[in-house]
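Report on the structure
One letter stands for each residue in the lines below.
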Amino acid sequence: MRGDERSDAILSDEELIERARAGDDAALSDLVERHHGAAYRVAFSMLQDDDAAQDVVQDTFIKAFRALGGFRGDSSFRTWVLTIAGNQARGALRKRGRRKETALEDAGPMRSEQKAPDEEAVDVQEAVRARKMLERLPEKQKLSVTLRIEEGLSFKEIGEVIGSSEGAARVNYFHGIRRLRELMQ
Amino acid sequence: MSNATCETVRGWIPEYASGRLAPLEATSVRSHLEDCSECRAELDLAMLILASRAEVPAGLARTVRAAVRSDRAHVHRPWWGISAAAVAVLAFGIGMSSDGLEQVESAVPGYAFEIEDGDAWLSDDGLIAGAPDLDALSDEALLQFLDELNVGGAGGGV
């Protein structure tokens, strides 16, 4: 238990934001704990560089919390954070000057937690190949696919993150999936 | 074959692959997959993507929390936390000009969220790689595009 007003109930993002605005550092920590993974995966997906992605996550939360007073809640906190992470990663890419060509062995570490049913049957080599093909998609298609499959975002939320309409996010996703299937054949 | 259409099942596949789909819908998807190789292929792809998801570095949350705390301590530094040197500079500034106070205050970072030039998408995104500029299309054109992708305009309801 941290703080005399905190309960055992899991607080919503909105409740945590209210507490954070009131100066509750534990609420900020909870928001970081809850969303840093998704922010990292978005940044890593775009940068293909662990150190750079971690820097982006740090900058993302610093910016988000500096601006928390002006957060109106038009979108979810998660969507907002991922939008900032995407913007930060794009800024880092521009500073880098060109996209880094990523060798297969440079791909990020394979995750080991949260296995879905039947996932043990997935061919590791095929998974690595799928990731390599995914990295070859245009940025918005790649992000639409990763945000939909890895983070479970809706097309409306994906549209907010990539700066497109819900319909465009949907097309980007299905177009990306179709191209991936073609590339995998 | 279940009553669920390919369009509906494809909309549910991300949730099904990650084990987040409600039991009733999951049963419907399983039933559909028994007879639909196209949707099975799409599920296989989703599983491969999930399996190759980047692992979040251990300790990243701790690092971020420390950075946030450090930033907030800097931004929220109380007036009595100003160093002696800063006080001396402040006093000197007040002595020199009435503008001195404003200069010291402006050195404190603001809270406004800054939109950086990184917001713009990279110039090589899309066209070179063969993707259409979807943002320039109308809703009708997007629906037509979805039809061409064989998923329909309302797939998945997400």
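Treat the numbers as computed from the prediction; the structure is a model and nothing was measured.

1. Overview of the packing of helix α1 (residues 6-17) of chain B against helix α2 (residues 23-33) of chain B
Residues and elements named next belong to chain B.
- Orientation of α1 relative to α2, taken along the N-to-C sense of each, is 120 degrees, at an axis distance of 10 Å. Viewed along their axes, α1 and α2 adopt a mutual orientation that is oblique. Where α1 crosses over α2, the handedness of that crossing is left-handed. Only Glu25, Ala26, Ser28, Val29, Arg30, His32 and Leu33 of α2 make contact with α1, whose side of the interface consists of Cys6, Val9, Trp12 and Tyr16.

2. Some points on the confidence of the model for chain A
Residue and element names in this part refer to chain A.
- Of all residues in chain A, 83% attain a pLDDT of 70 or more, and the chain-wide mean is 86.
- Counted against residues more than four places away or in other chains, residues 1-5, with its pLDDT under 50, gives seven contacts.
- Ignoring residues within four places in sequence, the model shows residues 99-109, a span with pLDDT below 50, making 16 contacts including any to other chains.

3. Overview of the side chain of Arg181 of chain A
- Structurally, the position occupied by Arg181 of chain A is in helix α8 (residues 166-184).
- The contacts of Arg181 of chain A, once residues within four sequence positions are left out, are Glu38, Ala41, Glu42 and Leu45 of chain B.

4. Structural notes on the packing of aromatic side chains
Residues and elements named next belong to chain A.
- Applying the stated criterion across every chain, the model contains nine aromatic pairs over all chains.
- With centroids separated by 6.0 Å and ring planes inclined at 45 degrees, the aromatic side chains of Phe155 and Phe174 adopt a geometry described as tilted. Residue Phe155 is located in helix α7 (residues 155-162), and its partner Phe174 is located in helix α8; the two are separated by 19 residues in the primary sequence. Of the two residues, Phe155 and Phe174, both sit in the buried class.
- Feature note: the residues Phe61, Phe65, Phe71, Phe77 and Trp80 constitute an aromatic cluster, connected by ring pairs.

5. Re the nonpolar core
Residues and elements named next belong to chain A.
- Core analysis: the biggest nonpolar cluster contains 88 residues, and Phe61, Phe65 and Phe77 have the highest contact counts within it.
- It is helix α2 (residues 25-47) that contributes the most residues to this core, 12 residues altogether.
- When neighbours within four sequence positions are excluded, Phe77 is seen to be in contact with Asp13, Ile17, Leu31, His35, Phe65, Leu68 and Phe71.

6. Description of helix α5 (residues 124-135) of chain A
- Relative to the 16 Å expected for 12 residues at 1.5 Å per residue, α5 of chain A spans 17 Å between its end C-alpha atoms, a close match to the ideal helical length.
- Packing partners of the buried residues in α5 of chain A comprise α2, α6 (139-149) and α8 of chain A together with α3 (37-51) of chain B.
- The N-terminus of α5 of chain A is capped by Asp123 of chain A, whose side-chain oxygen sits 2.9 Å from the backbone nitrogen of Gln125 of chain A.

7. Digging into unusual backbone geometry
Residue and element names in this part refer to chain A.
- One non-glycine residue with positive phi stands out, namely Gln48, at about 55 degrees.
- Among the structural elements, Gln48 can be located in the loop between α2 and α3 (50-66).
- For Gln48, a relative accessible area of 9% translates into the label buried.

8. A few points about the environment of Asp30 of chain A
All names here are of chain A.
- With respect to the helices, strands and loops of the structure, Asp30 is situated in helix α2.
- Judged by relative accessible area, which is 18%, Asp30 ranks as buried.
- Sequence separation between Asp30 and Ile17 is 13 residues; the distance between their C-alpha atoms is 9.8 Å.

Analysis parameters
Residues numbered from 1 in each chain as written. Chains lettered and ligands numbered in written order. Predicted model: local features only at pLDDT ≥ 70, side-chain atom pairs only at ≥ 80, totals over all residues. Heavy atoms only, no water. Axes fitted to C-alpha atoms, helices over the stretch in contact; angles between N-to-C directions. Helix = DSSP H or I, 4+ residues; strand = E, 2+ residues; numbered from the N terminus. Parallel < 35°, antiparallel > 145°, perpendicular 65-115°, else oblique. Left-handed = near helix turned anticlockwise from the far one by under 90°. Contact = heavy atoms within 4.5 Å. pLDDT = per-residue confidence, 0-100. Phe/Tyr/Trp six-rings, centres within 6.5 Å; stacked < 30°, edge-to-face > 60°. Buried < 20%, exposed > 50% of the residue type's maximum accessible area, 1.4 Å probe, protein only. Core = buried A, V, L, I, M, F, W, Y, C linked by side-chain atoms within 4.5 Å. Expected span 1.5 Å × (residues − 1). Polar contact = N/O pair within 3.5 Å; in protein donor to acceptor, adjacent residues only side chain to side chain.

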